[in-house]
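# Examining the three-dimensional arrangement
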Amino acid sequence: MYLDAQMTSSNANPKRTPANAGQRPAERSPGHGAAQSRGIRLQKVLAAAGLGSRRQCEELIVTGRVEVDRKVVMELGVRVDPQRQEIRVDGVPLRLPRLVYYLLNKPPGVVCTTRDPAGRPRVTDLVPSKGERLFSVGRLDLHSQGLIILTNDGQLANLLAHPRYGVPKTYRALVAGCPEAEALKKLLRGVHLAEGVARAERVTVKSRHKQSTILEIVLREGKNREVRRLLARIGHKVMRLTRIAIGPIRLGKLQPGQWRRLTAEEVAALRRSARNT
């Protein structure tokens, strides 16, 4: 059975001039507009380039040591496109790290955070990083498994993870019991969570068993533990949850713990999926 919105059957150089001097507030940030809204925070770019912690990079900015397109930027929160804009620190062009893109099948019991006080295994421990600061795209909770993209391309990570861009994420869920059609329709209409109404874009029943059902669910927003919470609201506990796709990229035959590099064509397809939604 296949359900969607139509209910058919079947996710400090003082000589330099500050960029905001004499400008109205709406004109202050480099790349203002669509490019600005899709960019990366300048301090994150500096930190990813190895210039220090986020706090140290913020200090570089507010003390007037950073230029974007030959204009001093002293405001925190400015967003930039490091691939298209020239960034200098103390007059020296910023050397960007080589961009890497990994597709990983996250096993259960592995966390998506970069630091874990409990010392549990992290997704970044499972790929051959060479000191790059990797972003985890589309986090999964401790007990979930499946497709994770790891990259040091902060702009792409933001495009794929931010609810504003609505990149679809597809999950395979083994749930207790056999949800009725009316219960599944509630997922499409939307259910109330603490953050507001959440809804699935598409729900497909893949198979039914005596005491369980396998569902395929597509989401676009990506709230915390959203699949588990949605299904709990209609009375069905998730017993196993696997993400099988982000946009056009599918998990394929990768086994838990295995990884591969994304091709240039796959990276381009991910960018298109964010810009076309």
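In this text the structure is predicted, and so the values were computed from the model without any measurement. Counting restarts for each chain: residues are numbered from 1 in the order of the written sequence. Only residues with pLDDT of 70 or above have their local features reported here, since the model is predicted, and side-chain atom pairs are shown and tallied only from 80 upward, although totals for entire chains, interfaces and linings are computed over all residues. Heavy atoms throughout the structure, all of them, feed into the side-chain values; hydrogens and water do not.

Further remarks concern the overall build of the chain. Strands here mean DSSP runs of E at least two residues long; helices mean DSSP runs of H or I at least four residues long; both are numbered from the N terminus. A tally of helices and strands in the chain yields 7 helices and 18 strands. For every residue, the accessible area obtained with a 1.4 Å probe (protein chains only) is divided by the maximum for its type, and the residue is called buried under 20%, exposed over 50%, and partly exposed between those limits. Put simply, the chain has 277 residues, and 47% of those count as buried. Reported accessibility uses the Shrake-Rupley method at a 1.4 Å probe radius. Residues are deemed covered only where the shown protein chains occlude them. In the structure as shown, the chain presents an accessible area of about 14400 Å², 49% of it carried by carbon and sulfur atoms.

With antiparallel pairing, the 4 strands of this open sheet are ordered in space as β4-β3-β6-β7. What marks the edges here is a single partner per strand, and that holds for β4 (71-72) and β7 (92-93). Think of it this way: DSSP has to see at least two bridges between two strands before they count as a pair. Bridging between strand β3 (residues 66-68) and strand β6 (residues 87-89) involves 3 bridges; their strand directions are antiparallel. In the sheet register, V68 faces β6, and the bridge partner there is I87.

A cluster of basic residues, R41, R54, R115 and R133, forms a positive patch at the surface. Turning to its location among the elements, R133 is positioned in the loop between β8 (101-106) and β9 (135-137). Accessibility expressed as a relative area gives 33% for R133, which makes it partly exposed. Two joining distances apply to patches: 9 Å for like charges and 5 Å for nonpolar side chains (Val, Leu, Ile, Met, Phe, Trp, Tyr), and every residue must have over 30% relative accessible area and no salt bridge. Salt bridges are defined as contacts in which a side-chain nitrogen from Lys or Arg sits within 4 Å of a carboxyl oxygen from Asp or Glu. The charge count treats Lys and Arg as positive and Asp and Glu as negative. His and the chain ends do not count. For the purpose of locating charges, the reference atoms are NZ of Lys, CZ of Arg, CG of Asp and CD of Glu.

We define a nonpolar core as any set of buried Ala, Val, Leu, Ile, Met, Phe, Trp, Tyr and Cys residues linked to one another through side-chain atoms lying within 4.5 Å. With 33 residues, the main nonpolar core has L150, L187, I217 and L231 as its most contacted residues. At 4 residues, the largest contribution of residues to this core is made by helix α5 (residues 181-189). Excluding residues that lie within four positions of it along the chain, I217 makes contacts with K169, T170, Y171, A200, R202, V203, V227 and L231. Of all hydrophobic cores here, the second largest spans 20 residues; its members include L103, F135, V167 and I249. In this analysis, two residues are considered to be in contact whenever any of their non-hydrogen atoms come within 4.5 Å of each other.

The subject of this paragraph is helix α3 (residues 54-62). Listed as buried for α3 are C57, L60 and I61. For α3, the buried positions fall inside an angular range of 100 degrees around the axis, keeping them on one side. Buried-residue contacts for α3 involve α2 (42-48), β3 and β6. Immediately downstream of α3, the backbone of G64 shows phi near 80 degrees, a positive value. This arc corresponds to the set of directions leading from the helix axis out to the C-beta atoms.

As a packed pair, helix α4 (residues 154-161) and helix α7 (residues 264-275) sit with axes 9 Å apart at the nearest point and diverge in direction by 50 degrees. Between α4 and α7, the interaxial angle falls into the category oblique. Considering how the two elements wind past one another, α4 and α7 form a crossing that is left-handed. Residues Q155, L156, L159 and L160 of α4 touch α7, and the partners they reach there are V267, L270, R271, S273, A274 and R275. Grouping the constituent residues of the contact of α4 with α7 by class yields 6 nonpolar, 2 polar and 2 charged. Interaxial angles span 0 to 180 degrees and are taken between N-to-C directions of axes, which are lines fitted to C-alpha atoms, for helices over the stretch in contact. For classification purposes, an angle smaller than 35 degrees is called roughly parallel, one larger than 145 roughly antiparallel, one from 65 to 115 roughly perpendicular, and anything else oblique. Less than a right angle of anticlockwise turn of the near helix away from the far helix marks a crossing as left-handed, whereas a clockwise turn marks it as right-handed. Residues are sorted three ways: Asp, Glu, Lys and Arg are charged, Ala, Val, Leu, Ile, Met, Phe, Trp, Tyr, Cys and Pro are nonpolar, and all the rest, Gly among them, are polar.

Our focus in this paragraph is the confidence of the model for the chain. It should be kept in mind that the predicted coordinates are not to be read in detail where pLDDT is low. pLDDT expresses, on a scale from 0 to 100, how confident the predictor is about each individual residue. Of the residues in the chain, 86% reach a pLDDT of 70 or more, and the chain-wide mean stands at 85. Note that residues 5-29 has pLDDT below 50 and, in this model, 46 contacts with residues that lie over four places away or in other chains. Ignoring residues within four places in sequence, the model shows residues 31-36, a span with pLDDT below 50, making 8 contacts including any to other chains.

Examined against the element boundaries, P256 turns out to sit in the loop between β17 (249-250) and β18 (259-261). Taking relative accessible area as the criterion, P256 reaches 45% and is therefore assigned partly exposed. Along the sequence, P256 and L104 sit 152 residues apart, while their C-alpha atoms lie 8.0 Å from each other. With sequence-adjacent residues up to four places away left out, P256 is seen in contact with N105 and P107.

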